[in-house]
Amino acid sequence: MVNSLNNESLSIYESWNIDMPSVSARSRLYNLKPIGMGTGGAESLTSYIARLAAAHSLTPAVLLGRTLASFMDKKYWLQGGARPGTRGSALGHSFGEHAKAINGIGVIAKDWVAALQTVTLRTDLSFLTMLPWTDVFTHRNLLRSSRTWCPSCYQDWRLNGQQIYEPLLWTFRDLDVCTRHHRRLISQCQHCHRKLPWLARCAQAGCCSKCDEWLGTSLDEVSNDAPILDHKLEWQIWIAKNLEELIIAARRLPSPPKGRTAQSISSCINQASDGVMNRFARLIGKRKNTVWGWQHGQAQIPIDDLLRICNRVGISLVDFLYADTFVLDDIDLIQTPAVSGVKAIGRSPRHLDPKATKDALLTILNQQTSLSMKEVATRIDLNKRLLYKHFPELCKAISTRHKQYRYKEQQRVRKVIADKINETRMSLHNIGVYPSRRRVVAAMKSKDVHHFMREKKTKIENLTLAA
Ligand SMILES: [Zn+2]
Ligand SMILES: [Zn+2]
């Protein structure tokens, strides 16, 4: 039985507004704030991507494959040279070479910034790259191809409970020294001695993406660094200061326009050499055709030359790129030595300080890490042939030691891999799985194994089991 409706027993409730409230747009991923924005220590975009992935408990490879890839239709590098359709392809081996460009001035940087801004709803990510200087920089000598870091900065940040990241500053090829710790930046893992890409498939902040070891070391620990000569340190401090100012300026000022470098170099020629281009070319140690090309906007000035020119004429990089006009200090440039090492064309070889150079070579010979003579020459900033001429015995000793070191290292790596293969084979065998080549490789998930097996055409089946 249904009771008839009794109107008097019903109460009247307040009425509700069911219009949808206005809610600001929601971002697909966290609106993660970049580190150091507005300072000279601003984060690089590759560092930001790694942190963004970690904030979602993802690896960069998964973040790229599942979220960002759909916004960037660039299959040629998303697949990283691996077989199409395989999930492990994003951020693969060949991608490592492209990763540096994410922080650069080209289309790869633009694509990543656009995709990341779409998913985070941030509008400031181009400042984590060199895109603000697209119109005044050239690719030549700009970016470091592999990840570079200061072990003491990592260590300090960890001890102070700060976020671990990589500043954009470290991606400039011309910067070799951390001016906070007065030690060389490093681009080889101190544990596995391998070079690392700026963005790897998976890596923890401050750790090696190949061997997972922590990359920080304190200054108190015995450092294997070769000593930095005074003139080199002075020059590096100048570079760091100017690049930091540039990074800050990018955030605050409109980007420099295309014709800026031509305009500024003309201004320098007028003021430093009374408008005589040949004389200016001699002053900065470049050929006159090269300088003519720069002055007439036919080529952009590579960053290393740009830094040397600014230093030579006594102007900051920010003034050169951002100021509409500037006035150079009235000094006799011909008589003033340049800390950057720029000398007029036709110069005699760089002055060699026999005692300091010998000490530097002896330190290198006795340090734990072995270096090739090419690396030694770069480190102490002197020509290799010049070093051989003045210190033949020391140079030969360094070179022989490095050859032995490389041979031993090769043998060691081979043994580690062979042991690992045997171990994996045994574990597969023990759980009743036939240890085929493919299964062993999949179980090991190591690129080295691929290389090793491809190069040596080693058949897993031919390797004897460990006794
Ligand atoms: Zn440092
Ligand atoms: Zn490592």
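Residues numbered from 1 in each chain as written. Chains lettered and ligands numbered in written order. Predicted model: local features only at pLDDT ≥ 70, side-chain atom pairs only at ≥ 80, totals over all residues. Heavy atoms only, no water.

### A few points about the coordination of the zinc ion (ligand 2)
Item 1. Ligation of the zinc ion (ligand 2) by protein atoms is provided by Cys189 (SG), Cys192 (SG), Cys208 (SG) and Cys211 (SG), these donors lying 2.2 to 2.4 Å from the ion.
Item 2. Of note is the zinc ion (ligand 2), whose four donor atoms meet at the metal with angles of 104 to 114 degrees in an arrangement that counts as tetrahedral.
Item 3. Linear spacing of the donor residues for the zinc ion (ligand 2) on their chain is C-x2-C-x15-C-x2-C.
Item 4. Cysteine 208 gets classed as buried once you look at its relative accessible area, which sits at 0%. (Donors = N, O, S within 2.8 Å, 3.2 Å for Na, K, Ca; no water. Tetrahedral: all angles 85-135°; square planar, octahedral: opposite > 155°, others 65-115°. Buried < 20%, exposed > 50% of the residue type's maximum accessible area, 1.4 Å probe, protein only.)

### Side note on the pattern of salt bridges
Item 1. Inspection of every chain in the model, using the stated rule, returns 14 salt bridges.
Item 2. The partner of lysine 355 in a salt bridge is aspartate 359, and the shortest N-O contact between them spans 2.9 Å. Taken as a pair, lysine 355 and aspartate 359 lie in helix α13 (residues 354-366) at a separation of four residues, close to a single helical turn.
Item 3. A salt bridge links arginine 412 to glutamate 409; its shortest N-O distance comes to 2.8 Å. Taken together, the positions of arginine 412 and glutamate 409, both in helix α16 (residues 392-430) and three residues apart, correspond to about one turn of that helix.
Item 4. Salt bridges sharing common partners tie together Arg144, Asp176 and Lys232. (Salt bridge = Lys/Arg side-chain N within 4 Å of Asp/Glu carboxyl O. Helix = DSSP H or I, 4+ residues; strand = E, 2+ residues; numbered from the N terminus.)

### Digging into the coordination of the zinc ion (ligand 1)
Item 1. On the protein side, the zinc ion (ligand 1) has Cys150 (SG), Cys153 (SG), Cys178 (SG) and His181 (ND1) as donor atoms, found 2.1 to 2.4 Å from it.
Item 2. The site at the zinc ion (ligand 1) holds four donor atoms, and with the angles between them running 107 to 114 degrees, its shape is tetrahedral.

### Some words on the packing of aromatic side chains
Item 1. Throughout the structure, instances matching the rule amount to nine aromatic pairs.
Item 2. Geometrically, the ring pair formed by tyrosine 154 and tryptophan 157 is edge-to-face, given 6.4 Å between the ring centres and 65 degrees between the ring planes. Taken together, the residues tyrosine 154 and tryptophan 157, both in helix α6 (residues 151-159) and three residues apart, mark about one turn of the helix.
Item 3. Judged by relative accessible area, which is 0%, tyrosine 154 ranks as buried.
Item 4. Ring pairing ties together the aromatic residues Tyr154, Trp157, Tyr165, Trp170 and Trp214, which thus form one cluster.
Item 5. If you follow arginine 147 out to its NZ or CZ, it ends over the ring of tryptophan 149, 5.6 Å from the centre.
Item 6. Between the NZ or CZ atom of arginine 158 and the centre of the ring of tryptophan 214, over which it lies, the distance is 3.9 Å. (Phe/Tyr/Trp six-rings, centres within 6.5 Å; stacked < 30°, edge-to-face > 60°. Lys NZ or Arg CZ within 6 Å of the ring centre and 35° of its normal.)

### Some thoughts on helix α9 (residues 277-284)
Item 1. Those residues of α9 lying buried are Met277, Phe280, Ala281, Leu283 and Ile284. The buried residues of α9 occupy one face: seen down the axis, they fall within an arc of 160 degrees.
Item 2. Buried residues in α9 make contact with α8 (260-273), α10 (288-295) and α11 (303-313).
Item 3. A positive phi of about 70 degrees marks glycine 285, the residue just after α9. (Arc of directions from axis to C-beta. Contact = heavy atoms within 4.5 Å.)

Take it as geometry only, folks, not as evidence of what the structure does.
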